[in-house]
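# Structural overview
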Amino acid sequence: MGNQCSIHSRAFARHRGYGRTAIRSQLRIAGPPAKARNSGQNRMRDSNGTVAGAGDLLLGVKWRFFNSEKSQLQLGAYPQVLAPTGNHPRGLGEGRAAFVLPFLAQKNWEKWTVYGNIGYWWRGANEARDYFYAGAVLEREISEQLELGVELFGNSPKERGRPFRVGVQCRRHLEIE
């Protein structure tokens, strides 16, 4: 691809806290809206060079294969396939199928929860590269309505010539009834 492009998307299907229910498996279909900042020639972009539209479709099955009530430890896998349904020439998708295989873990004790995942993306697009990623979250329940946490995440380069990424963010979850 001759254009430099970065894609940001938010899925309309959101999951919070792996394994908080008794369900051992879960099917997910997510069709994220996408936007791309495109530096190439494109008649469909706004004055800031941003293109918006439907992105690729992500299909996956989350499977909890270990659940110990005694130790409050849960382990699972979440294989997914990315179907190239977005408009790749406009920068709104990979252009080819991709696959991801993450492994998930969660441990609860008293008012604390730690969870995380590690996975690998196999990407078919020519300008993209396969990469590893990992993340971990530590949360503390402050009250029945408020949880606070911190997340550490990172990944190997997603595109050729790009560096490894590592980040930290603080999180809060507030239940409002």
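Structural data are supplied above this passage.
Here is a short report on the structure shown in this document. Just so we're clear, the structure is a prediction, and the values are computed from it rather than from any experiment.

Helix and strand content of the protein chain: zero helices and twelve strands. Each helix and strand of the protein chain, ordered N terminal to C terminal, gives the series β-β-β-β-β-β-β-β-β-β-β-β. Relative to its full complement of 177 residues, the protein chain shows a buried share of 34%. When contacts within the protein chain are restricted to residue pairs at least 6 apart in sequence, those whose partners lie at least 24 apart make up 51%.

Next up on the list: the nonpolar core. Counting residues in hydrophobic clusters, the biggest one holds eight residues: A30, L58, L82, A98, V100, W121, Y131 and Y133. If you list the elements that add at least two residues to this core, you get β8 (98–109) and β10 (131–141).

Okay, the environment of Y115 next. Note on placement: Y115 falls in strand β9 (residues 112–123). Relative accessible area serves as the criterion here: at 14%, Y115 is assigned to the buried category. Sequence separation between Y115 and A136 is 21 residues, and the spatial gap between their C-alpha atoms is 5.7 Å. Among the polar contacts listed, one links the side chain of Y115 to the side chain of E139, at a separation of 3.1 Å.

What follows deals with the pattern of salt bridges. Here the idea is simple: oppositely charged side chains can pair when their charged atoms come close. A full pass over the atoms with the stated rule returns two salt bridges. A salt bridge links R123 to E94; its shortest N-O distance comes to 2.8 Å. Of this pair, R123 sits in strand β9 while E94 sits in the loop between β7 (80–83) and β8, placing them 29 residues apart in sequence. The salt bridge involving E159 is made with R162; its shortest N-O contact spans 3.3 Å.

What counts, and where the lines are drawn
Residues numbered from 1 in each chain as written. Predicted model: local features only at pLDDT ≥ 70, side-chain atom pairs only at ≥ 80, totals over all residues. Heavy atoms only, no water. Helix = DSSP H or I, 4+ residues; strand = E, 2+ residues; numbered from the N terminus. Buried < 20%, exposed > 50% of the residue type's maximum accessible area, 1.4 Å probe, protein only. Contact = heavy atoms within 4.5 Å. Core = buried A, V, L, I, M, F, W, Y, C linked by side-chain atoms within 4.5 Å. Polar contact = N/O pair within 3.5 Å; in protein donor to acceptor, adjacent residues only side chain to side chain. Salt bridge = Lys/Arg side-chain N within 4 Å of Asp/Glu carboxyl O.

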